[in-house]
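Understanding the architecture of this molecule
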Amino acid sequence: MDTIPEAVLAGLWGLVAGSALLLGAALGYGLRVPSWLVATVMAFGAGVLISAVSFELVGESYDQGGLGPAVAGTLAGGVAYTAGNAALARRGARHRKRSGDGGPGQRQPSEAQQEGSGVALALGALLDGVPESAAIGVSLLDGGEVSLVTVVAVFLSNVPEGLSSSAGMRAAGRRPGYVFGVWGGIAAASTASAVLGYAVVGGLPTGVQAAVTAVAAGGILTMLADTMIPEAFARAHLAIGLVLVCGFLVSFGLSHA
């Protein structure tokens, strides 16, 4: 009987984190946010996620199962994300986090420029969001309380992600129904991923739980390196690295408070 409330709780926290995508999408589609501000918020969110991955996910995986499952799971997550990202990049989703003001070859394609790119962009957004949301559900397994650091990290990273990507979608000529349909769908998928992260992983042996936790960490870390950090630094000002460090330290402080 105790499993049901905790599964629902996982879903609610996943929805909270996923709703940040819709918030960012509304800002990015409805306003012309300066690229330097997008880059700053994205760099801060990347720093928060790096810390959460290190201390909340990989650290937890190591504590549960030791070095072997932590390393194997992290590598598996990285490989899985890279394979999916490479496949989608060839179909038009390479620059899905671009805000639309990049140079030639550095912006999202329209459907007329590359047929099927709209579907690829939606799948790319899903690929980015699932590991983060699953990690929220997995964090509930540690004492029955969700990791506030993980939720905050995912929320802070989702706002600039939705903002930058939706601005790029608008620049590529995509209609509001498509843009908000994508991000609304990803928010719903985030809810489901958090529930599954808790319900499925919770029934596995401890060593397997440790490995699966690390898989989520590897996927998130690879996503940061492949999409989020490059977009932040593409519009960088000289303090962007310091902003990332500040995000890292905020997350570190929350995890050790």
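Definitions and cut-offs
- Residues numbered from 1 in each chain as written.
- Predicted model: local features only at pLDDT ≥ 70, side-chain atom pairs only at ≥ 80, totals over all residues.
- Heavy atoms only, no water.
- Patch = residues over 30% accessible without salt bridge, like charges linked within 9 Å, V, L, I, M, F, W, Y side chains within 5 Å.
- Areas by Shrake-Rupley, 256 points an atom, 1.4 Å probe, with all protein chains shown as cover.
- Salt bridge = Lys/Arg side-chain N within 4 Å of Asp/Glu carboxyl O.
- Helix = DSSP H or I, 4+ residues; strand = E, 2+ residues; numbered from the N terminus.
- Buried < 20%, exposed > 50% of the residue type's maximum accessible area, 1.4 Å probe, protein only.
- Contact = heavy atoms within 4.5 Å.
- Core = buried A, V, L, I, M, F, W, Y, C linked by side-chain atoms within 4.5 Å.
- Phe/Tyr/Trp six-rings, centres within 6.5 Å; stacked < 30°, edge-to-face > 60°.
- Lys NZ or Arg CZ within 6 Å of the ring centre and 35° of its normal.
- Expected span 1.5 Å × (residues − 1).
- Arc of directions from axis to C-beta.

**Re a nonpolar patch on the surface**
- Together, Tyr-62, Leu-67, Val-71 and Leu-75 make up a nonpolar patch on the protein surface, roughly 420 Å² of accessible area in all.
- Broken down by element, the nonpolar patch gets its largest block of residues, three residues, from helix α3 (residues 67-93).
- Position of Leu-75 among the secondary structure elements: in helix α3.
- Judged by its relative accessible area of 56%, Leu-75 falls in the exposed class.

**Here we look at the side chain of Ser-251**
- Within the fold, Ser-251 resides in helix α8 (residues 240-255).
- Ser-251 sits in the buried class, given a relative accessible area of 1%.
- When sequence neighbours within four positions are dropped, the list of residues in contact with Ser-251 reads Val-48, Ser-51, Ala-52 and Val-149.

**Comments concerning the nonpolar core**
- Membership of the largest hydrophobic core comes to 34 residues, with the highest contact counts inside it found for Leu-49, Leu-57, Ile-136, Ile-220, Met-223, Leu-224 and Met-228.
- Put simply, the parts of the chain that give this core at least two residues each are α1 (3-30), α2 (35-65), α4 (117-139), α5 (148-171), α7 (206-234) and α8.
- At 10 residues, α2 tops the list of elements feeding residues into this core.
- Counting residues in hydrophobic clusters, the runner-up holds nine residues, among them Ala-125, Val-182, Trp-183 and Ile-186.

**Structural notes on the packing of aromatic side chains**
- Taken as a whole, this structure holds three aromatic pairs when the rule is applied.
- Ring geometry for Phe-55 and Phe-252: centres 5.0 Å apart, planes at 65°, overall edge-to-face. On the criterion of sequence distance, the pair formed by Phe-55 in helix α2 and Phe-252 in helix α8 is long-range, its members being 197 residues apart.
- Assessed through its relative accessible area of 31%, Phe-252 is described here as partly exposed.
- Among the aromatic side chains, those forming a connected cluster through ring pairs are Phe-55, Phe-248 and Phe-252.
- Positioned over the ring face of Tyr-178 is Arg-174, at 5.4 Å from the centre of the ring.

**What about α8?**
- The end-to-end C-alpha distance of α8, which contains 16 residues, comes to 23 Å, matching closely the 22 Å that a straight helix rising 1.5 Å per residue would cover.
- Along α8, the residues classified as buried are Ile-240, Val-243, Leu-244, Gly-247 and Ser-251. The arc enclosing the buried residues of α8, seen along the axis, measures out at 105°, which places them on a common side.
- Elements that come into contact with the buried residues of α8 comprise α2, α5 and α7.

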